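# An overview of the molecular structure
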Amino acid sequence: MNLKPFKDLIAMSKEKLDEAMAPIRARQVKSKAELQLAELDAKILTKETEIQEMCSQKDIDLPKLIDKLDEVAIIERRKEQYSKVLAQLFPVE
């Protein structure tokens, strides 16, 4: 890495500095969103495991089971929304 001369750095306007940082900030936002997608995947897996455990019990609490299924559907919908937003904000070039 080569450092920019000090006189060039102090001559840069705030807008130029922001412009230079844009790719880094974009990568940070994308990484955070991808991490959140992974967390949603983990939540879905956890809820699905809970549902399977509920179904294997002797007495199944149907209202509770339906609530868990609703929770999975909401998380899956949120995951779809994250994916759409990511695809629109960070199109593959």
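Residues numbered from 1 in each chain as written. Predicted model: local features only at pLDDT ≥ 70, side-chain atom pairs only at ≥ 80, totals over all residues. Heavy atoms only, no water.

### A look at the overall build of the protein chain
Per the secondary structure count, the protein chain includes 3 helices and 0 strands. In the protein chain, the succession of α and β elements from N to C terminus is α-α-α. Relative to its length of 93 residues, the protein chain is extended, with a C-alpha radius of gyration of 23 Å against a globular reference of 12 Å. By principal-axis analysis of the C-alpha atoms, the protein chain measures approximately 75 × 25 × 20 Å. When each of the 93 residues of the protein chain is scored for burial, the buried share is 14%. In the protein chain, of all internal contacts separated by at least 6 residues, the share reaching a separation of at least 24 is 68%. Accessible area of the protein chain: about 8100 Å², with a carbon and sulfur share of 58%. Across the protein chain, 17 positive and 18 negative side-chain charges occur, with their mean positions spaced 7 Å apart. (Helix = DSSP H or I, 4+ residues; strand = E, 2+ residues; numbered from the N terminus. Rg over C-alpha atoms; globule rule 2.2 N^0.38 Å. Buried < 20%, exposed > 50% of the residue type's maximum accessible area, 1.4 Å probe, protein only. Contact = heavy atoms within 4.5 Å. Areas by Shrake-Rupley, 256 points an atom, 1.4 Å probe, with all protein chains shown as cover. Lys, Arg positive; Asp, Glu negative; His and termini not counted. Charge placed at Lys NZ, Arg CZ, Asp CG, Glu CD.)

### Examining the pattern of salt bridges
Think of it this way: side chains of opposite charge can pair up when their charged atoms draw near. Tallied over the entire structure, the rule returns 3 salt bridges. Of the charged contacts, one joins aspartate 41 and lysine 79 as a salt bridge, the two residues approaching to 2.6 Å between their closest N and O atoms. Separated by 38 residues along the polypeptide, aspartate 41 in helix α2 (residues 14–55) and lysine 79 in helix α3 (residues 62–89) bring together distant segments of the chain. Accessibility expressed as a relative area gives 34% for aspartate 41, which makes it partly exposed. Its salt-bridge partner being lysine 68, residue glutamate 50 comes within 2.7 Å of it at the nearest N-O pair. With glutamate 50 in helix α2 and lysine 68 in helix α3, the pair connects residues that are 18 residues apart, well separated along the chain. Of the residues examined, glutamate 50 reaches a relative accessible area of 25% and is grouped as partly exposed. (Salt bridge = Lys/Arg side-chain N within 4 Å of Asp/Glu carboxyl O.)

### Brief notes about the nonpolar core
Leu40, Ile44, Ile51, Met54, Leu65, Val72 and Ile75 form the largest nonpolar core, which has 7 residues in total. Residue assignment for this core shows that the elements contributing at least two residues are α2 and α3. For this core, the leading source of residues is α2, giving 4 residues. Apart from the residues within four sequence positions on either side, isoleucine 51 is in contact with Leu65, Lys68, Leu69 and Val72. (Core = buried A, V, L, I, M, F, W, Y, C linked by side-chain atoms within 4.5 Å.)

### Observations concerning the confidence of the model for the protein chain
Summing up the model confidence of the protein chain, the mean pLDDT is 88 and the portion of residues at 70 or higher is 92%. Taken element by element, the predicted model of the protein chain shows its lowest mean pLDDT in helix α1 (residues 6–11) (68) and its highest in α3 (95). (pLDDT = per-residue confidence, 0-100.)

### Side note on the environment of glutamate 50
The spacing of glutamate 50 and methionine 1 is 49 residues in sequence and 51 Å in space, taken between C-alpha atoms. Within polar-contact distance, the side chain of glutamate 50 engages the side chain of lysine 68 at 2.7 Å. (Polar contact = N/O pair within 3.5 Å; in protein donor to acceptor, adjacent residues only side chain to side chain.)

### Regarding the environment of serine 13
Structurally, serine 13 can be placed in the loop between α1 and α2. Among the residues examined, serine 13 registers a relative accessible area of 31% and is labelled partly exposed.

### Considerations on the side chain of lysine 68
The class for lysine 68 is buried, based on a relative accessible area of 17%. Excluding anything up to four places from it in sequence, lysine 68 contacts Lys47, Glu50, Ile51 and Met54.

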